[in-house]
Amino acid sequence: MKLRVIQQRLEAAGVISVVLEDDAGRRLPAWAPGAHVPVTLSSGVVRQYSLCGPRDDPHRYTIAVLLVVDGRGGSREVHQSLRVGDVIEVGPPRNDFELLPAPSYLFIAGGIGVTPILAMVEALRAQTDPPPMRVVYGGRNRSAMAFLDRLATLGGVEVICEAEAGRPDLAALFADAAAGTRVYCCGPPAMLTAVQEVGDAYPDLSVHIERFTAVVRDPAPVADGAFDVELARTGVTVTVGRSTSVLDAVLEVAPDTAFSCTDGFCGTCETKVLAGEIDHRVSLLTDDERQSNSTMMICVSRSSCGGKLILDL
């Protein structure tokens, strides 16, 4: 989709929201809380951003972007170059952080990770009979915490500034959660790791984590050599070298293959595996999905034993 920037707003220090719409007024694909979209900037850089605007507006998407000064350049381009009136390419929503039914919820947001959490809380609060929920939003200081005004209208949100009160007490939050509670967390890597570690001690709670950077698992030493990949739809076989990815090799013969982040966290390049053993090097898939050996992120994952893979491509 080619969408035009119709509004930019400073939401906090270093955070701007961007509102996008179709010039012809066409309805945009529907989305659910937790969804993100791939955005292609004028430089060709592709970045993933959570949707955080009003879901009752079918003609506009809203994203929020944190300026990461020492990042890879995408956020700097948005902050420094993107302007109202510019047209950018936006892919359809994808949801790897789906809000599932539960008797109660615990939401933990850190920094810019508030964007998908905000959409979830607003959706639940809008229900006729909202389920019990606890919402905790942590940040270094209030000036850098986006959407405090919107969260304030929802009521019951615990805002914890590190400069004032330290970090959220994760152990206490989990201990207070009732059995069956779904825990949703999005934030900086250190917070996500801590939440996962604490959550491991509470098997009666379901922990859902959204990452904006890849968590690459340690590769198996035997999986670092070259191996062959067959594209089942065409019968073409390519060789994946030690220093190239499956995606790189596939693009040489199938340039229209979908991909985005190339870091293993957006899920765009997830591909069905028809045969072969996979060395999953990302944490995006669940343990059950990895063990099923049925799909892989071809931008990062490889053959587990150097054997041939057959992909549904």
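Residues numbered from 1 in each chain as written. Predicted model: local features only at pLDDT ≥ 70, side-chain atom pairs only at ≥ 80, totals over all residues. Heavy atoms only, no water.

(A) Broad picture of the pattern of salt bridges. Overall, the coordinates contain 17 salt bridges when judged by the stated rule. Put simply, Glu-122 and Arg-150 hold a salt bridge, and the shortest N to O gap is 2.8 Å. Linking Glu-122 in helix 2 (residues 114–125) with Arg-150 in helix 3 (residues 148–154), this pair joins segments that are 28 residues apart in sequence. Exposure remark for Glu-122: the relative accessible area of 23% places this residue in the partly exposed category. Judged by its relative accessible area of 21%, Arg-150 falls in the partly exposed class. Ionic pairing is found between Arg-134 and Asp-176, a salt bridge with its closest N-O pair at 3.4 Å. Remark: Asp-176 occurs in helix 5 (residues 170–176) and Arg-134 occurs in strand 8 (residues 133–139); sequence separation between them is 42 residues. The partly exposed category is assigned to Arg-134, whose relative accessible area is 31%. A relative accessible area of 58% places Asp-176 in the exposed class. It is possible to trace a salt-bridge network through shared partners that takes in Arg-9, Glu-11 and Asp-149. (Salt bridge = Lys/Arg side-chain N within 4 Å of Asp/Glu carboxyl O. Helix = DSSP H or I, 4+ residues; strand = E, 2+ residues; numbered from the N terminus. Buried < 20%, exposed > 50% of the residue type's maximum accessible area, 1.4 Å probe, protein only.)

(B) Broad picture of the packing of aromatic side chains. Within the structure shown, the criterion is met by five aromatic pairs. When the ring of Tyr-105 is compared with that of Phe-107, the centres are 5.6 Å apart and the planes differ by 10°; the resulting orientation is stacked. For Tyr-105, a relative accessible area of 6% translates into the label buried. Overall, the relative accessible area of 0% leaves Phe-107 in the buried class. Summarising the aromatic geometry, the rings of Phe-174 and Tyr-202 are spaced 5.7 Å apart at their centres and angled 35° between planes, so their arrangement reads as tilted. Here Tyr-202 lies in the loop between helix 6 (189–199) and strand 11 (206–210) and Phe-174 lies in helix 5, a separation of 28 residues in the sequence. Under the relative-accessibility criterion, Tyr-202 is labelled partly exposed at 24%. (Phe/Tyr/Trp six-rings, centres within 6.5 Å; stacked < 30°, edge-to-face > 60°.)

(C) Spotlight on the nonpolar core. Tyr-105, Phe-107, Ile-117, Tyr-137 and Tyr-184 are the most contacted members of the largest nonpolar core, which totals 27 residues. Elements represented by at least two residues in this core include exactly strand 7 (105–110), helix 2, strand 8, strand 9 (157–161) and strand 10 (182–186). Top element by residues in this core is helix 2. It accounts for six residues. In this view, Tyr-184 contacts Phe-97, Glu-98, Leu-99, Leu-100, Tyr-105, Leu-106, Phe-107, Ile-108, Ile-117, Met-120 and His-208; residues no more than four positions away in its chain are not counted. (Core = buried A, V, L, I, M, F, W, Y, C linked by side-chain atoms within 4.5 Å. Contact = heavy atoms within 4.5 Å.)

(D) Broad picture of the sheet that holds strand 6 (residues 87–90). The antiparallel open sheet is built from six strands, whose spatial order is 4-3-6-1-2-5. Taken across any chain shown, the strands that pair with only one partner, and hence form the sheet edges, are strand 4 (46–50) and strand 5 (60–66). Strand-to-strand twist across the sheet, computed as the mean angle between neighbouring axes with direction ignored, equals 40°. The sheet contact formed by strand 1 (residues 2–12) and strand 6 spans three bridges and is antiparallel. Within strand 6, the position partnered with Leu-3 by the bridge is Ile-88. (Pairing = 2+ DSSP bridges. Axes fitted to C-alpha atoms, helices over the stretch in contact; angles between N-to-C directions.)

(E) Up close: the side chain of Thr-62. For Thr-62, the position within the fold is in strand 5. Discounting chain neighbours no more than four positions away, the residues touching Thr-62 are Ser-17, Val-18, Val-19, Ser-50, Leu-51, Cys-52, Gly-53 and Pro-54.

(F) Inspection of the sheet that holds strand 7 at higher detail. Reading across from one edge, 9-8-7-10-11 is the order of the five strands in this open sheet, with parallel pairing throughout. One side of each edge strand has no neighbouring strand; the edge strands of this open sheet are strand 9 and strand 11. Ignoring strand direction, the axes of neighbouring strands in this sheet form an average angle of 15°. Examined bridge by bridge, strand 7 and strand 8 share six bridges and lie parallel to one another. Within strand 8, the position partnered with Phe-107 by the bridge is Val-135. On top of the sheet, helix 6 reaches strand 7, strand 10 and strand 11; it is set at about 165° to strand 11, its chief contact.

(G) Molecular detail of helix 6. Within helix 6 the residues assigned to the buried category are Met-191, Leu-192, Val-195 and Gly-199. Taken around the axis of helix 6, the buried residues stretch over an arc of 100°, which confines them to a single face. In helix 6, those exposed residues whose orientation departs by more than 90 degrees from the buried face are Ala-190 and Glu-197. The inward-facing, buried residues of helix 6 abut strand 7, helix 5, strand 10 and strand 11. (Arc of directions from axis to C-beta.)

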